[in-house]
Amino acid sequence: MASLFKKKTVDDIIKEQNRELRGTQRAISRDRAALEKQEKQLELEIKKMAKTGNKEACKVLAKQLVQLRKQKNRTYAVSSKVTSMSTQTKVMNSQMKMAGAMSATAKTMQAVNKKMDPQKTLQTMQNFQKENMKMDMTEEMINDTLDDIFDASDEEEETQDIVNQVLDEIGIEISGKMAKAPSAARGLPSASASSATTISDEEIERQLKALGVD
């Protein structure tokens, strides 16, 4: 029962009007179909009377056919008008909805503007920019420090690797020299062994200089 006394909205009224317009359009289409049927019947009657030579009857039927065709043309005009009214109703409904949306948006913007303090907002944005710059500077300093630490560590590791490589190569050379050097068991004098040791030391220094290690 409450729905019967409920106040109709604009959408409800427009929907009712559209239903009525669609009903009118269907009724016009039915009338036009009936007129077209009568038109064909009159055409047949006129042809029949013409074959029998009844000119008077042909004139009467021809007048009826003219009036009927005029009426049919009127149905097209009315149908076009109904279609135009339906289109205008839809356009008006769309415009009203847009106006309502703009009104709601304007109220929202007005409420936001009342709550918003321009000076406070500007200060907040400036503080944010300031703190953001501080954070960027701090992050940059930390990254630079970490880069220095890791770079130094990498240099030390790389230096140690070079030294180990040089010592390995020297050790191989020394082993080779010692393998070729005559031993005391073969009856060589001790001086010869000392001389071989001296030559090995010189060879070591030469290889170090060649590798760029002083």
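Residues numbered from 1 in each chain as written. Predicted model: local features only at pLDDT ≥ 70, side-chain atom pairs only at ≥ 80, totals over all residues. Heavy atoms only, no water.

Novice: Describe the confidence of the model for the protein chain, with residues and values.
Specialist: Scored by pLDDT, the protein chain has a mean of 76; 67% of the residues are at 70 or more. Here residues 173-179 is a poorly scored stretch, pLDDT under 50, and it has 4 contacts once near neighbours within four places are set aside; other chains count. Note on residues 183-199: pLDDT under 50 across the span, and 3 contacts to partners over four residues away in sequence or across chains. (pLDDT = per-residue confidence, 0-100. Contact = heavy atoms within 4.5 Å.)

Novice: Lay out a negative patch on the surface in plain terms, naming residues and giving numbers.
Specialist: A contiguous patch of negative charge on the surface is contributed by Asp136, Glu139, Glu140, Asp144, Asp147 and Asp148. By the element assignment, Asp136 lies in helix H3 (residues 118-180). (Patch = residues over 30% accessible without salt bridge, like charges linked within 9 Å, V, L, I, M, F, W, Y side chains within 5 Å. Areas by Shrake-Rupley, 256 points an atom, 1.4 Å probe, with all protein chains shown as cover. Salt bridge = Lys/Arg side-chain N within 4 Å of Asp/Glu carboxyl O. Lys, Arg positive; Asp, Glu negative; His and termini not counted. Charge placed at Lys NZ, Arg CZ, Asp CG, Glu CD. Helix = DSSP H or I, 4+ residues; strand = E, 2+ residues; numbered from the N terminus.)

Novice: Residues and numbers for the packing of aromatic side chains, please.
Specialist: Under the counting rule described, the total for this entry stands at 0 aromatic pairs. The ring of Tyr76 is capped by Arg32, whose NZ or CZ atom sits 4.2 Å from the centre of that ring. (Phe/Tyr/Trp six-rings, centres within 6.5 Å; stacked < 30°, edge-to-face > 60°. Lys NZ or Arg CZ within 6 Å of the ring centre and 35° of its normal.)

Novice: Lay out helix H2 (residues 55-115) with the relevant residues and their values.
Specialist: Note on helix geometry: an α-helix contains 3.6 residues per turn, so any two residues three or four positions apart are oriented the same way. With 61 residues, H2 extends 90 Å between its outermost C-alpha atoms, agreeing within 8% with the 90 Å of an ideal straight helix rising 1.5 Å per residue. For H2, the full list of buried residues reads Ala57, Cys58, Leu61, Leu65, Leu68, Lys72, Thr75, Ser79, Val82, Ser86, Thr89 and Asn93. Packing partners of the buried residues in H2 comprise helix H1 (10-52). (Expected span 1.5 Å × (residues − 1). Buried < 20%, exposed > 50% of the residue type's maximum accessible area, 1.4 Å probe, protein only.)

Novice: Explain the side chain of Arg32 to me, and be specific about the residues and the numbers.
Specialist: Relative to the elements of secondary structure, Arg32 occurs in helix H1. Here Arg32 is buried and forms no salt bridge, its nearest opposite-charge partner Glu36 lying at an N-O distance of 5.3 Å. Excluding residues within four positions of it along the chain, Arg32 makes contact with Lys72, Thr75, Tyr76 and Ser79.

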